[in-house]
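Take a look at the letters that make up each chain.
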Amino acid sequence: MSQTDCTIMFDGVPLTGKADTPLVDFLAAQGVNLPHVCYHPALDPLKTCDVCWVEQDHQLVRGCTLRTRDGMILNSRGAQAQAAQVEGMDRLLAKHELYCTVCEHNTGDCTLHNTMADMHIPIQRYKFERKPYAKDHSNPFYTYDPDQCILCGRCVDACQNVEVNETLSIDYGADHPRVLWDGGEKIAGSSCVSCGHCVTVCPCNALMEKTMQPDAGPFTAMSPDLKRPLIDMIKTIENTTGAEIITGISMMDMHWRQPEIKRTKTVCTYCGVGCSFEMWTRDRHILKVQPMVDAPANGISTCVKGKFGWDFVNSEARLTTPLIRENGRFRKAGWDEALDLVARRLLETRNTHGADSIGFIGSSKASNEEAYLTQKIARLIIGTNSVDNSSRYCQNPATQGLFRTVGYGGDAGSIRDLERAELIIIVGSNTAENHPVIAARIKAARKHHGQRLMVVDPRKHEMAERADIFLRINSSTDMVWASAMARYMFDHGYADTDFLAARVNQVDEYRQSLAPFTLAFAERVTGITRRQLIAAADMIGRASSVCILWAMGITQHSHGADTSTALSNLLLVTGNYGRPGTGGYPMRGHNNVQGASDFGCLKDYYPGYEKVTDHQVRAKWAKAWGVAPESLSDKAGDDNFTMVKHAKERKIKAMYVIGEETAFSDADAANVHEGFTNLDFLVVQDLFMSRTAEFADVVLPGCPSVEKDGSFVNTERRIQRFYEVMPPLGDSRPDWRILTDLAARMGHPWGYAHPSEIMAEAAGIAKIFAGVTYGRLEGWQSLLWPVKADGTDTPLLYTDGFHTDDGKAILYPLEWKPPAEAQDGEYDLLLNNGRMLEHFQSTNQTGRGGRLLSLSPEWFVEVSPALAAERGIEEGAWLRLASRRGAVEVPAVITDRVQGNTLFLPIHLGKDGVNALTGEHHDPDVNTPAYKELAVNLTVLPREKMVSPLPRHNFRYGSRTPIDKVPVEQKWQRDDYQPPPEQEPHPEKF
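Figured I'd write up the structure that's included with this text.

Conventions adopted
Residues numbered from 1 in each chain as written. Predicted model: local features only at pLDDT ≥ 70, side-chain atom pairs only at ≥ 80, totals over all residues. Heavy atoms only, no water. Helix = DSSP H or I, 4+ residues; strand = E, 2+ residues; numbered from the N terminus. Rg over C-alpha atoms; globule rule 2.2 N^0.38 Å. Contact = heavy atoms within 4.5 Å. Areas by Shrake-Rupley, 256 points an atom, 1.4 Å probe, with all protein chains shown as cover. Lys, Arg positive; Asp, Glu negative; His and termini not counted. Charge placed at Lys NZ, Arg CZ, Asp CG, Glu CD. Phe/Tyr/Trp six-rings, centres within 6.5 Å; stacked < 30°, edge-to-face > 60°. Buried < 20%, exposed > 50% of the residue type's maximum accessible area, 1.4 Å probe, protein only. Lys NZ or Arg CZ within 6 Å of the ring centre and 35° of its normal. Axes fitted to C-alpha atoms, helices over the stretch in contact; angles between N-to-C directions. Parallel < 35°, antiparallel > 145°, perpendicular 65-115°, else oblique. Left-handed = near helix turned anticlockwise from the far one by under 90°. Nonpolar A, V, L, I, M, F, W, Y, C, P; charged D, E, K, R; others polar. Patch = residues over 30% accessible without salt bridge, like charges linked within 9 Å, V, L, I, M, F, W, Y side chains within 5 Å. Salt bridge = Lys/Arg side-chain N within 4 Å of Asp/Glu carboxyl O. Expected span 1.5 Å × (residues − 1). Pairing = 2+ DSSP bridges.

What about the overall build of the protein?
If you tally the helices and strands in the protein, you get 31 helices and 37 strands. Over its C-alpha atoms the protein spans a radius of gyration of 30 Å, differing by no more than 12% from the 30 Å that the globule rule assigns to 990 residues. Along the three orthogonal principal directions, the C-alpha set of the protein runs to about 85 × 70 × 70 Å. Long-range pairs, those at least 24 residues apart, make up 74% of the contacts in the protein with a sequence separation of at least 6. A total of about 34,200 Å² of accessible surface is found on the protein, and carbon and sulfur atoms cover 49% of it. Taken as two groups, the 105 positive and 125 negative side-chain charges of the protein have centres that lie 2 Å from each other.

Describing the side chain of threonine 846
Residue position: threonine 846 is located in the loop between strand S32 (829-834) and strand S33 (861-863). If we skip the residues at most four places from it in the chain, threonine 846 touches Tyr270, Lys305, Glu838, His839, Phe840, Leu852 and Leu853.

Looking at the packing of aromatic side chains
Under the criterion given, the structure shown has 31 aromatic pairs. Aromatic pair tryptophan 750 and tyrosine 752: ring centres 6.0 Å apart, planes at 50°, arrangement tilted. With a relative accessible area of 18%, tryptophan 750 lands in the buried category. Through successive ring pairs, a cluster of aromatic residues spans Phe403, Tyr408, Phe499, Tyr577, Tyr605, Tyr609, Trp785, Tyr798 and Phe802. Over the face of the ring belonging to tryptophan 280 we find lysine 288, whose NZ or CZ atom lies 4.2 Å from the ring centre.

Describing the packing of helix H2 (residues 79-94) against helix H3 (residues 111-119)
Two numbers describe how H2 lies on H3: the axes approach to 11 Å, and their chain directions differ by 140°. Relative to H3, the element H2 is oriented oblique. Crossing geometry of H2 relative to H3 is assigned as left-handed. Side by side, H2 and H3 meet where Gln85, Val86, Met89, Leu92 and Leu93 of the first sit next to Leu112, Thr115, Met116 and Met119 of the second. Taken together, the residues that form the contact of H2 with H3 break down as seven nonpolar, two polar and no charged.

Observations regarding a nonpolar patch on the surface
A contiguous nonpolar patch, built from Phe219, Met252 and Trp256 and spanning about 310 Å² of accessible area, is present on the exposed surface. Position of tryptophan 256 among the secondary structure elements: in helix H7 (residues 243-257).

Quick word on helix H22 (residues 560-573)
Over its 14 residues, H22 runs 20 Å from end to end, which matches the ideal 20 Å to within 8%, given 1.5 Å per residue. For H22, the buried fraction is high: 14 of the 14 residues fall into the buried class.

A closer look at the pairing of strand S37 (residues 935-940)
Here S32 runs beside S37; their pairing, made up of two bridges, is antiparallel. Looking at S37, one finds that leucine 829 is bridged to valine 936. Bridge analysis of strand S34 (residues 878-882) against S37 gives four bridges, and the strand direction is antiparallel. What sits directly across from leucine 881, in S37, is leucine 938.

Here's the deal with the sheet that holds strand S11 (residues 276-282)
Taking strand neighbours across the sheet as the criterion, the three strands line up as S10-S11-S12 in an open arrangement whose pairing is antiparallel. Only two strands of the sheet have a single partner each, and these edge strands are strand S10 (262-267) and strand S12 (285-290). Geometrically, the sheet is characterised by an average inter-axis angle of 30° between neighbouring strands, direction not taken into account. Pairing of S10 with S11, which is carried by six bridges, proceeds in the antiparallel orientation. Bridging from a neighbouring strand, threonine 266 pairs with phenylalanine 277 of S11.

Side note on unusual backbone geometry
Along the chain, glutamine 213 connects to proline 214 via a cis peptide bond; the corresponding omega equals 5°. You can see proline 214 is positioned in the loop between strand S9 (207-209) and helix H6 (224-241). A cis geometry characterises the amide bond from proline 980 onward to proline 981, with omega recorded as 10°.

Quick notes on helix H16 (residues 478-491)
Taking 1.5 Å of rise per residue, the 14 residues of H16 would be expected to cover 20 Å, and the 20 Å separating its terminal C-alpha atoms lies within 8% of that figure. Among all positions in H16, only Asp478, Met479, Val480, Trp481, Ala482, Ser483, Ala484, Met485, Ala486, Tyr488, Met489 and Phe490 are buried. Positive backbone phi, approximately 80°, marks glycine 493, located one or two places after H16.

Things to note about the sheet that holds strand S5 (residues 73-74)
One open sheet holds the three strands; their spatial order is S2-S1-S5, and the pairing between them is mixed. For this open sheet the edge positions go to strand S2 (13-18) and S5, each flanked by a neighbour on one side alone. The sheet contact formed by strand S1 (residues 5-10) and S2 spans six bridges and is antiparallel. For phenylalanine 10, the partnering residue across the bridge sits in S2 and is valine 13.

Here it is, written out as structure tokens:
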């Protein structure tokens, strides 16, 4: 027996397993079931259901509170324990009307039903009394039925302590206790962000997905007029025959349903957190998304999009057959005709105008394998390195900053390291809305483990409200703040001199470069007071471990690469790399924007970040692909930004765009549209007739992730498999198959039969993927690159050296450069812009079905109270925002989320969106457009005001009700509470 093992005596039987394990889990691993309902492995022991009683030292103890230790003696079958267990279950059933055979939740996943059946409860002893509350249908995604609620508190604990949105509570002192949202009885208008945590952990049908209702089982989709009498009849029969006969029927019903329901592991298609979960389907109907404890990035956590945002999969607007433009209109075509045309036109363009006259944009939403094929077609068949992905619009500056300083273009550690850090610094990232599951981890670490939080941002979002220090900075000045902090560390003894001496180059040169970055200079440029700067610096200097998170608020500026470099420099100065709970974490926005770059959709890198300009690297890839090195280009190609520019100038003649809404997302929409119009030939491969597809000559219908196999890389460098949930819709095809078929028509019959073969090829060439195989990614397994050939992965980078020639990091000197676009007398306001929780990019996915869109269906601009008072702007007033390029008209939302002369505009809505306003100015190091450097003027329009541009049912109007834990003590302290096994006079209350 190892030191971590223990042996306990349970019901007279010795059991050996892991010590310090929750008893319920320990027993389950041994095939022993201790009855329980409120216990959940992802939650704290709640002690609310009173079902899991055991006897220890002749005393009744709730089994959910026990953790195993050697020599423990427990008995669950004694008369006292058995009586207490049955009494606990009887009290639960007093609050819950059993009608399992006609209940949508009887799919094998109902803890209450399964436990009741396992316990062989003879009858529902306490009479069920209906509660004086109606079922709440006000949320678009789930319902709450107080009549079915057993007051276990799972939902409350998940909301308060896993998601840490702090919306749900239970008032056990009320005459009729129920779950409350912000202390009230209605979901809509509360602070509920519809993350679905509560629904995931509910052990019965009190909280349930609307997609499960009413057709989750053979007898559930009946009208209420029929169902209610049927329930009443069943309850009458139960009182005469006993419950077990009825329970037997419900068990049969459960087993009837299960073969019809397919449960498939998949990975989310939205942001870069990389949440994985089971998707439950019956044919093409998505019943629900069910997170699992084993999911490596998220556990049971989801956000509104990952849990509920799948209506687009079966949208009637999906592209299901190839389209070819003729005489200015699209017509349907067969795959042979469409692919033959694409192959012929691309080869003709290459042969006539040269390989670099063609550009490829790979998808940050497609798989790693599809990214690999995209760049392989570009490089091997066409002969160009002009291949890119949407990281050009967001994260390339962060990658450049990491390349300059530490060597790898990815997060330094894992999400677990973020939880371990003593101090988290969030800079230019609205983490709670853009990466909500990671935000939940940070909120939980702060709430329960004393983690400190610093936020630097022009906008007061949720994480700013929760911060220990919030620095409301002038936009585009973060490089100054970060560099001033680095100087402060040297000047005040906080620099980690031992770390610097042993592991970092250019220390002296870098320190000399910090001379201009005094606190006085930082205060003048950033708008942060000297007192605030010193407080922030001291917090950083004194912390034993620091992680810095940043996102588009840093990268989408004219010098985002420099600011990203400055943040990494600060971490190096303080020795915050290579240890648990340290490092730089640029949050990736799309589900596979990291993987698209990792697997070669970049103008200057093969897969694995191997340089196209390195002749040894080129020779290696040429050999692997079976061609002469000279057939592969050795010069960097065009990126997204320059492709569009050169298309406008007619230097780029043809483009192939996969799953990217370039016409909506690229800066200065007028120029982009002109560039696409000037192309001789444009192919768009997508799910919908996007704004980009409108310019195409050929449109190819690809598949979402749930209709194919593949793998993604999340923001923490974690490679995960996803599996086909359902077959492709109509005549659409998996993107890897489209690319394979196209290559064959261009003379390269690669013949891939499955994405695993593509991954095997990539892993056999690119060093950082050497040990990646589909076998090692099976199920919930995952790998964080770099991965050695034996399968050893790297959750934490830089523990034994940096990814540089000599293994040392580099402190990279910088100079302050002001933003390329600023306010002036004519354009006197700054228009900040960014994402919202409930939407994604152009809403091509989140805008389908109406449910996500219902949370905020209108475009709007946030205006500060001070500016509103100064300009006479009222809520809902129509404003004309004009930049140096264009203008848009949007209604106003007055909020203190913004301050002074800075506005905020969501990026998701509008025909041409914010990019009707943005310009060509960009980061010269990486060509990322400076979306956030946007000066505008404002005119109040004489139009009738819009009532609530942000609907009153939106969660942003809610008021959270934080508590530390489910207040079970409230019910224990009531005069009418009797602990089991005593019978309870008011079981419906407890």
